Structure formats: structure tokens, C-alpha cells
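Commentary on secondary and tertiary structure
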Number of protein chains: 4
Amino acid sequence: MAEKIKPTQKLATHTLTDLYYRDQNLVTDMMGKMSFTEAMIGHILNRTPTAADVAIIDAVLLALMEHGLTPSAVATRLTYHSAPEALQAAVAAGLLNVGSTFVGTMENCSKLLREMVEGTEPMDTAAKRIVAEHRAQRKHLPGFGHHLHKPDDPRTPKLFEIARANGVRGDYIRAIEVLSQAVDDSFGKHLTINATGGTAAVLSEIGIPPEIMRGFAVIARAAGLVAHIAEEREVPTARTIWDLVEEEIPYAGNALEDILDDGNDGGDD
Amino acid sequence: MAEKIKPTQKLATHTLTDLYYRDQNLVTDMMGKMSFTEAMIGHILNRTPTAADVAIIDAVLLALMEHGLTPSAVATRLTYHSAPEALQAAVAAGLLNVGSTFVGTMENCSKLLREMVEGTEPMDTAAKRIVAEHRAQRKHLPGFGHHLHKPDDPRTPKLFEIARANGVRGDYIRAIEVLSQAVDDSFGKHLTINATGGTAAVLSEIGIPPEIMRGFAVIARAAGLVAHIAEEREVPTARTIWDLVEEEIPYAGNALEDILDDGNDGGDD
Amino acid sequence: MAEKIKPTQKLATHTLTDLYYRDQNLVTDMMGKMSFTEAMIGHILNRTPTAADVAIIDAVLLALMEHGLTPSAVATRLTYHSAPEALQAAVAAGLLNVGSTFVGTMENCSKLLREMVEGTEPMDTAAKRIVAEHRAQRKHLPGFGHHLHKPDDPRTPKLFEIARANGVRGDYIRAIEVLSQAVDDSFGKHLTINATGGTAAVLSEIGIPPEIMRGFAVIARAAGLVAHIAEEREVPTARTIWDLVEEEIPYAGNALEDILDDGNDGGDD
Amino acid sequence: MAEKIKPTQKLATHTLTDLYYRDQNLVTDMMGKMSFTEAMIGHILNRTPTAADVAIIDAVLLALMEHGLTPSAVATRLTYHSAPEALQAAVAAGLLNVGSTFVGTMENCSKLLREMVEGTEPMDTAAKRIVAEHRAQRKHLPGFGHHLHKPDDPRTPKLFEIARANGVRGDYIRAIEVLSQAVDDSFGKHLTINATGGTAAVLSEIGIPPEIMRGFAVIARAAGLVAHIAEEREVPTARTIWDLVEEEIPYAGNALEDILDDGNDGGDD
């Protein structure tokens, strides 16, 4: 069997007395000198974070940290109720909701924007083509529309403002704005650029690969979910959620007939 | 059935045009004005973060973000290899390792410190009693010792330095230092205060309840695990890890005899 | 560095043409010849399953497979809605609910039963002492009471009937029945032996260690959760659950005042 | 706001004294009368299981339960070491590995088979077209090839034998055999139909929708992972795995130079 090439890692090492994250000494170069956001950017992206990196990533993390009693928060609260011995499992259950339905759109949106920025077509031609193709295939256009925020998701213009104030080139922001115009023209009404669309654009501006974008949503939401656990400890909701669901999504199978025939009065009171 | 009291939540709300995290408008009060660390402190702890809060939490998050190819990182890398469609699941698999063995010690340590700070015994009497009790029950003293960092885990004095520079009262830091002296006296050799012990002390200084402490380890490690995924995409290790484990932890059951009797040469080459 | 002793595993091996589970050839000795239940018993417990093993484990798996829209099922349905690309993650989110609150009681109950069976006290003396101790410490007695099933959880007598029909010695069943009498005497009313109590007794009868018992609940519930996903695909409930929770657990923080002052009408319609 | 239609569920209900799974009384109709496999088929597929259903699903569950120290087993063992208080979390971490790389191929394979069985092309024409298309796009053909089992994965012919002995029509088995011939002709060498390919065919024979197939892999593997936990309790491997990985996948970043310059001897001995 041929000798396999052994992979290596460049994220961390240690001696008896020191720890290194990538090429920096954790204790002497990092702790007390940089924020968590700066440290994670350097660690994930393997580069010295710029001011624009930090400003944009901080804004993105804030925008994605919380959105109330979403599926992720409900999964976390229920799981914490079921297994309070394992806070980490409750957060993990919530994070498993950071999937394609709500957050994966970020990646697909950023791929469209890249196509517009890097392609040879004029941007508005590309935008019209992309919208037409999605409509022809009855596919949702990732990054557009929000069932709660109308006419506009307020997070998006703020992300663009922060990015521009920090001197990004603006190609991806312009691309999504051109795409947005093409969307509105095609549908004959205004659809907002939502927070995942806005995030896709600003993360593209600082060179975050689409395949890693979801990671920032995971980190942001982890913090939000810890807040939900802290609140659940003070004001439990899990039992109420369970009762609500059992009452409002009732059993409707054939066994009901047997039960009614028996005059049996059916549970929980 | 008596009317149940409906619980409420105070973490987030929204209108058509605005989002609020607790009592602040996300877009006008928070984004562009505060770091992710500040935002998470306010959100989790329901208070306006002080400079000490931010300095200490940033330092703690850095200290806990990464420690190389630990069980959490290995679980994340393997899971990402198995299911690259679900980055969130790979992070979740890693976070399920933020359990009692490595991180839960933080909570137990902080409970001992609270006993020393809030109790009526003189601190050094309490320390001697706690050490004696743990030794009598052959229980590990949480927050002490580290198999890699000798004589001292360098993260701990740095955490204390940052906390003191930011004007904390210092009761919990003093408690763990008194406890450390009792440990060394009892064992007749020096055991380091490790990073979970140091973290327990500084998080206690700013009033983080023990039951929530693990949450900061989860948030920190989420960022570290995203970095492991980013590296795994560039330099895959999962297949190597699998091969290593299969080779070095071989099958040793009775079926081997059948296989050898058959002259069958056993797989994978 | 001293040579470390390498651990081995005895669960599986393979040649180019054969697979072995423990000491059996999967294809020639197992597939087509045994049920999944038989195979898992042999695999987990490392013994040839008896008829009693199979009858009892089958009954336990059925009893624990499903209980309607419990926290585990709700977590699974929400997660499937959020990440339909990863069915495995939806099941995992649900399984994270198989924790100490609902299922861990099985382990604690079985430890009490072992104390009664293996101890030197007469069984009824031990039972009275255990009940008294739990009441004195205001601790819930694991395995007793159920908020839905009154006067008796019907699964428990059926588990005992199946176990006895299959010739178990009956020491643990007798122990829990003696304990049940002591509970009723102490409380002056009847509390049912619930399904986790019944399961603890019958799994103890066939020698399942308490630390592994929860594993059978995990396997059983995995099947139930796949059924919930299959139904969710036909009759989606996740969006309804989300709406219910947002409506019934409303925001009650201070930001409401700002919102009302603005005459802003608050979302989602 | 228009009245929303409330969804219902048909999986379970209960009265004070009875539980129903779908339309059957758990205690009087199911426990003691059917195996776990029969119960899960009825529950997931909403039909009375046939003998063929039970034989095929049992064989599939056995075939997918275990494959040694795979990524799923390693993730489970590491997580159990990190958080022994939460067995369910260790199983969940392993199950998160039942993703597209190893098991998702089952779904894609079954879609190709359906295309061959339900389409208007002659089967061998369809087979040649499918192989040609995959080769042109350099896409792996799902269900074919196995790095450990050569020339043939022994599980596949056994699955087909069991299915045929139980009187299935055989359309999907024939389809994958025709596809296999086209694969061999195109590549000029034999590639095995692997266990996921074989499973796809036999589950299609009994009408399991592709989107649910992965669920049976999850249930099967849950049992295998509980066995890994049981063994890990007796013969711990997690620490060895950690050491192996740290040693064999070393740090190779720039910090090494600083460390060497300092004459610092680098950790863990």
C-alpha cells in the first residue's frame, strides 16, 4: 500500500506553557487585545481582520442572533425542558434548524450575485435572465421576500450602510440592488431584499465563501439560543407549548370512534 | 379546568418595519453601534453590559474557542464529511461534546467558589475542608489540573489580570487562589488552576449564574468549529481519521478465527 | 513515553467478501434468520437472545415508540421544516429530548429496585425507607405517577404480564409492586407505576444495566420520530406550531411602549 | 385574517386508561402480539405490514445497523466520553452522520430505478443513457462501488434473495441489475451493487418513498450506536482516538518556528 500523505492542521498548537491559535500566541497576542468577533474572523478566514471585516461581521451576527420564538428557539426550549442536564444539547437541537429553509437561501443568493458580478453579461441583463429563469421554473428567488417585514426588511439597508461606510467596493451590494429592481419589475410589486439576501451581499463583499456563510448564522444563533435558555429558566414555556400543540393539532384517526363508543372521556384533565 | 397563566417572552418582537431585541431597536440602537459580544451579554443577561463584562466575556470566549483536534473538533469534521449538505449538523455534533467531562467542571467549580465567598467559614478553613472532602470521596476537584499545561495553564492568570484591570471586586478570584493553595498543600505538589477553573472565577465575578456558564463555552466553541469546517474543506482529514481508528483499534472478536481458517485476507487494500 | 495499551473492539469486522457482527456472519447467519430486535439484543448485550429477551424488548420498544405530539416529536417536526435536506438532523433534534425529565427516571427507578432486590433489608422495610427518604427530601419518586394515565398507566401491567409469561424470576417486578404499595400507603392515594417504572422493572429482570436502558428508549423513539416526519410530509404542522407559539407566548418587554407610541401595528398580517 | 385550517395528526391518541397508535390499541392489539419491526412499519407507512414488508425491513435494518468504527460510531464514542450524562446526545451525534455521503445515495439510486421502471424507454436503453449521463457529468452513480467489499458487497444479493423469496414483483431489482450490467459494460470492469443500492431496490419493491428511506438507516444505526456506547463503557477508546488524531494530524502552522526558537519542547509528555 502506498504511503498516504498525512494531512496537517494549522488552527492550534500548544507547548507546556503556551497556546497558539494559528500563528498567534493566545495569551500574549490575543486575550485582552481583541474582541471575539476579531478572533473568530482571523481564525475562520485565516487573515488579519480589517476594520470592514469586523464592522460587517458584527452587524451580521447581530442581525441573525435572534428572531423571537422561531422553530430553532422552540426546539431549544423544549429540549432544555426534556434534558436540563445538557444545555449543550438544547442549543444543538436549535442549531439543527439553521438549515436550507431559512438560512441556506444565503448561499444560493450569494451564488447568483457572484454570477452577476463575475459574469460577462451586463448586470441588468443577467438580473432579468435570473428572474425569468426562476419564475419559469417556479423557484423561489433566494434573498427576496419576508412574511413579517413589509415593505422592507430593515436589517438589509442597515447592513449596506455599514458596509459602504467601511469602504467595501460595493459590487455585490450593487448586484443585489439591480436584481431587486428586476424582481420588482417582473412581479409588478415590491419584494424586500430580506436579511439573508442582505447578508449574502455584504459577506460576499468581504470575500466569505458561500459554503461558509451559514457558519456565521450558526454562531450568531448559538448566542440567541443561550438567551432563550436563560429566559426559559426564569419563565418556563415548554409545558405550555406542549399543551398548545396537543390541543390545537388534535388526533383525527379512526380510533376516535372506539373511544367515543366506549364513552371514555379522553385524557388530561 | 382553571385558566392557565400564559407565559410571555421578553427577548424579541417586531413590527412590519422594525425589530426589537429586548427593549432596543435592532437597527437603530444596536447594529453598527455594538460588538457581537456586547449584544450577547445584554441579550443573555438582560442588563446593559459594563466595560468589565465585555472585557471578561471576550477573554473567556477567546480562551474557550479552540483547543486543536479535540473530541468536539473531530466529531464536527467527521460529521461534515458524512453530511456536507448540513454544516449546522456538523457544528451541532461537535457542540454535543461541550459536556460534563471537559466543561461542566466550570459549573461545579463555581459552586464551590460561591460556597467559599458567601459562607460563614473563613475562606482558608472552607478551602481546606473542600479539598479534604473531595480527597476523602476520591472526587476530582473541579477547575484544577490539566494534562497538557504544566506547571500552569497560561489562560488562567491572563483571565485574572484582565478581570482585575477592569475593576472587579475579586472575591471569587481570591477564593480560587486560596483553594489552589489548599490543593497544593494537601497534595504536596502544584496543580494548575485550569482554564475552566479560571473561567468559573471570572464569570462569577460578573454575576453569571453557574447554570448558564456552559452557554458561553458553547458559543465560543461554535466559532472554533466553523474554523475546523473551513479548514476541513481545504485539507480533508476525515478519511484519514477513519482509517487511523480502524487500523489502531482493531477487531478482536472470535470471528477472526473463522476468517483466518478461510485464508481470507481481510479487507481494505 | 511508555507504550500505551491499544484498545480493541469486538462489534464488527469484514473481509473483502464477508461482514461479521460480533462473531456471526451477517449474511449467512443473521439476515433472513432473525428480527431486528433479536439482532440488536445480541449486538448490544453480547449474548444470544432468549425468548424472554425478545418478548420483553419488543414490548418495551413498542411502549416507548410514540406518545403523540410530545416535545421530541415537536422538535423533530420543526427541524424537518427548517432543514428538509437532513432527515437525520430532524430525528437527532427529537432524540435530544430523550433526557432526564421523561426517560432518565428509568435509570433512577432501576437503581432503587436493585437496592431492594440485592440489599439485606426486607423488601417492604426498604420500600418504606425509600419512600420516606424521597418525601423528606421532596424528591419525585422515579417511576411513579403520570399526568395523563389514571388511575393506571396501562402499559405497565402489560409489560409485567409479558415478562411473567416468559418465565422471568420476577424479583424486580415484585420489588416495584412492593414499592408501589408503600407509595400508596404513604400518600394515602394511588399513584400509578408509569411506563418508565414498568420498563425499569422488566429490563432489570433480563439484566439490562441501568446505564444502557435509555438506549432502548432512543431506538424506540427514533422509529416514532420517522413516523412523525412521514406524516409531516403529508400534513405539515410546523408553520402552525410556530404561529401558535408566537401568538400564545407574546412579547411583553418594554419595547411595546415605543411601538404603541408610534402607532405601529405590529407585524404578521 | 382568514381562519386557518388546523392540521391534525393521526399517529397517536390516549384516554385516561388507553393508548392508541394510529387506529390500534397499544396494549390490547399490539404489545405482546407484534415485533418492533412490524409496529414501526405500520406506524411509519400507515398500512398493515405484509410478510414481505417485515422480512425485507428486518433484513435492511440488520444490513445497515453496524459497520465498525465508522465516522458515526467514532462521533458517538467521542461524544459519550465528553458527556456521559447524556447518552441520547452521543447517539444523536452519531446519527448526524447518516447523511448524503454514505446513505443519501439510497434516495438518488431509488429515483434512477423509478425512472427505469416507470419510464417509457426500454430498461436497457434507460440504463445506458443514465450511465452515459453520469459519466459525462463525472458524477458518481449512486448505489455502485464499495471501497471495502470486492468484487461484491455480500449484503446486496442476500437482500434480493430475501425479497424474491417473499414474492415481490421484482421490477426494481431487475432495474438495478440491468443498470449494473450497463455500468460494467461502460467501465469495462465490475463494480458491485453496494448495500445502499441493494436497499434502494428492495425498499422500492415494497413501496417505500425515497424521501423516507433514510429513516430506516437512522433507526438501524441508532441500535448499532447504542452497542458502541455499551462497548465504550467496558473498553474506552475515546482517549486513544483523541491521542491518535493529535499525533497523526499535527499542527503545521507558522507558530512552530517561534516555539522551536524558544527551545520550548511542545506539550503532552
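Reading the values: the criteria
- Each chain carries its own residue numbering, running from 1 in the written order of its sequence.
- Chain letters and ligand numbers both follow the written order, the letters beginning at A and the numbers at 1.
- Selection of residues for local features in this predicted model requires a pLDDT of at least 70, selection of side-chain atom pairs for listing and counting requires 80 or more, and totals for whole chains, interfaces and linings are taken over all residues.
- Secondary structure counts use DSSP, requiring at least four H or I residues in a row for a helix and at least two E residues in a row for a strand, with both numbered from the N terminus.
- What the globule rule says is 2.2 Å times the number of residues to the power 0.38, and the radius of gyration is computed from C-alpha atoms.
- Partly exposed residues are those whose C-beta has more than 12 but fewer than 20 other C-beta atoms within 10 Å; with 20 or more the residue is buried, with 12 or fewer it is exposed, and the C-beta atoms are placed from the backbone.
- Residues are defined as contacting one another if the C-beta atoms placed from their backbone atoms lie within 7 Å.
- Just so you know the grouping, Ala, Val, Leu, Ile, Met, Phe, Trp, Tyr, Cys and Pro go in nonpolar, Asp, Glu, Lys and Arg go in charged, and all remaining residues, Gly too, go in polar.
- For this overlay, a least-squares fit was computed on C-alpha atoms, restricted to residues scoring pLDDT of at least 70 in both copies.
- Paired strands are those between which DSSP finds at least two bridges.
- Boundaries between domains were set according to an automatic or database domain assignment.

1. Some remarks on the overall build of chain A
- Across its full length, chain A carries 13 helices and 3 strands.
- The C-alpha radius of gyration of chain A comes to 24 Å, more than 25% above the 18 Å expected for a compact globule of 269 residues.
- Overall, the C-alpha framework of chain A stretches about 70 × 65 × 50 Å when taken along its three principal axes.
- Evaluated residue by residue, chain A yields a buried proportion of 57% over its 269 residues.
- Within chain A, counting contacts between residues at least 6 apart in sequence, those at least 24 apart form 72% of the total.

2. Concerning the interface of chain A and chain B
- In this assembly, 74 residues from chain A lie in contact with 74 residues from chain B.
- The set of elements that each furnish at least two residues to the side of chain A that touches chain B consists of β1 (12-14), β2 (19-21), α1 (26-30), α2 (36-45), α3 (51-64), α5 (87-95), α8 (155-165) and α11 (210-234) of chain A.
- The dominant element in the side of chain A that touches chain B, judged by the number of residues it contributes, is α11(A), at 16 residues.
- Along the lines of polarity and charge, the residues of the side of chain A that touches chain B split into 43 nonpolar, 18 polar and 13 charged.

3. Details of helix α10 (residues 195-205) of chain B
Residue and element names in this part refer to chain B.
- The buried count for α10 comes to 11 of 11 residues, which makes it a mostly enclosed element.
- Along α10, the residues classified as buried are Ala195, Thr196, Gly197, Gly198, Thr199, Ala200, Ala201, Val202, Leu203, Ser204 and Glu205.
- Glycine 207, located one to two residues past α10, shows a positive phi value of around 80°.

4. Digging into the relation of the copies chain D and chain C
- Between chain D and chain C, which share one sequence, the superposing operator has a rotation angle of 180° and an axial displacement of 0.0 Å; the RMSD is 0.0 Å. When the rotation and shift are considered jointly, the pair of chain copies conforms to a two-fold rotation axis. Relative to the rotation axis, the closest C-alpha in chain D is found at D:Ala92, a distance of 2.4 Å.
- Same-surface contact between copies: 100% of interface residues of chain D are shared with the interface of chain C.

5. As for the relation of the copies chain A and chain B
- Superposing chain A onto chain B takes a rotation of 180° combined with a translation of 0.0 Å along the rotation axis, leaving an RMSD of 0.0 Å.
- Both copies present the same face, since 100% of the interface residues in chain A are matched by interface residues at the equivalent positions in chain B.

6. Structural notes on the interface of chain D and chain C
- Between chain D and chain C, the contact holds 74 residues from the first and 74 residues from the second.
- Those elements giving two or more residues to the side of chain D that touches chain C turn out to be β1 (12-14), β2 (19-21), α1 (26-30), α2 (36-45), α3 (51-64), α5 (87-95), α8 (155-165) and α11 (210-234) of chain D.
- Top contributing element to the side of chain D that touches chain C by residue count: α11(D), with 16 residues.
- Considering only residue class, the side of chain D that touches chain C consists of 43 nonpolar, 18 polar and 13 charged.

7. Some thoughts on the sheet that holds strand β2 (residues 19-21) of chain B
- Spatially, the 3 strands line up as an open sheet ordered β1-β2-β3 (chain B), and their pairing is antiparallel. For this open sheet the edge positions go to β1 (12-14) and β3 (24-25) of chain B, each flanked by a neighbour on one side alone.

8. Here's the deal with the domain arrangement of chain A
Residue and element names in this part refer to chain A.
- Taken as a whole, chain A is organised into domain 1 (10-49) and domain 2 (50-247).
- For domain 1 versus domain 2, the separation of C-alpha centres amounts to 28 Å.
- The interface of domain 1 with domain 2 comprises 6 residues on the first partner and 9 residues on the second.

9. Description of unusual backbone geometry
- A:Lys150 connects to A:Pro151 through a cis peptide bond whose omega is -5°.
- Topologically, A:Pro151 is positioned in the loop between α7 (123-136) and α8.
- Phi angles above zero are rare outside glycine, and B:Arg22 is one such case at about 45°.
- Looking at the element boundaries, B:Arg22 is found in the loop between β2 and β3.
- On the basis of neighbour count, B:Arg22 is assigned to the partly exposed category, with 19 C-beta atoms found within 10 Å.
- Residue C:Arg138 is not a glycine yet carries a positive backbone phi of 50°.

10. Notes on the sheet that holds strand β1 (residues 12-14) of chain C
All names here are of chain C.
- Read from one edge of the open sheet, 3 strands run β1-β2-β3, paired in antiparallel fashion. Both edges of this open sheet fall to β1 and β3 (24-25), since each of them pairs with a single strand only.
- Bridge count between strand β2 (residues 19-21) and β3: 2 bridges; the pairing is antiparallel. Residue pairing for β3: tyrosine 21 is matched across the bridge by glutamine 24.

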